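Working through the structure, step by step
This is what each chain is made of:
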Amino acid sequence: MHALWNFILRGSEDKLLSMTSVVLGHIPFALIGILVFGLPNLNGLSYILASALLHFFYQIFLLSAYKFGELSEIYPIARGLSPLLIITISFVL
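Thresholds applied
Residues numbered from 1 in each chain as written. Predicted model: local features only at pLDDT ≥ 70, side-chain atom pairs only at ≥ 80, totals over all residues. Heavy atoms only, no water. Helix = DSSP H or I, 4+ residues; strand = E, 2+ residues; numbered from the N terminus. Areas by Shrake-Rupley, 256 points an atom, 1.4 Å probe, with all protein chains shown as cover. Lys, Arg positive; Asp, Glu negative; His and termini not counted. Charge placed at Lys NZ, Arg CZ, Asp CG, Glu CD. Axes fitted to C-alpha atoms, helices over the stretch in contact; angles between N-to-C directions. Parallel < 35°, antiparallel > 145°, perpendicular 65-115°, else oblique. Left-handed = near helix turned anticlockwise from the far one by under 90°. Contact = heavy atoms within 4.5 Å.

From N to C terminus, the chain includes 5 helices and 0 strands. In the chain, the succession of helices and strands from N to C terminus is α-α-α-α-α. Taken along the three principal axes of its C-alpha coordinates, the chain extends 40 × 35 × 20 Å. Surface accessibility of the chain: about 7400 Å² in total, with carbon and sulfur atoms responsible for 76%. Positive and negative side-chain charges in the chain, numbering 4 and 4 respectively, have mean positions lying 6 Å apart.

Structure, rendered in structure tokens:
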């Protein structure tokens, strides 16, 4: 699914609209998750917000990167960079 929405994003004329559509397409799944599992614990709210913020910047990076490169170049870098960042941040912290 992840590769599919990157493919959709790369091939679209209006990348911001495509990214917004993909992001808003997650809302029904989030609502179903809340109905099935309930609201998250307030103790985890800081982690949820941090994750949302990191994902927002990831999406901004993708929007910018696809202006300059092809899917076959950008997608592997975007997917491969995340584990390296997580390892580096985990090691530092």
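Picking up where we left off.
For the pair helix 4 (residues 45-65) and helix 5 (residues 71-92), interaxial distance at closest approach is 10 Å and the crossing angle is 160°. Taken together, helix 4 and helix 5 sit at an angle that is classed as roughly antiparallel. The handedness of the crossing between helix 4 and helix 5 comes out as right-handed. Each of Tyr58, Phe61, Leu62 and Ala65 in helix 4 lies in contact with helix 5, whose residues at this interface are Ile74, Ala78 and Arg79.

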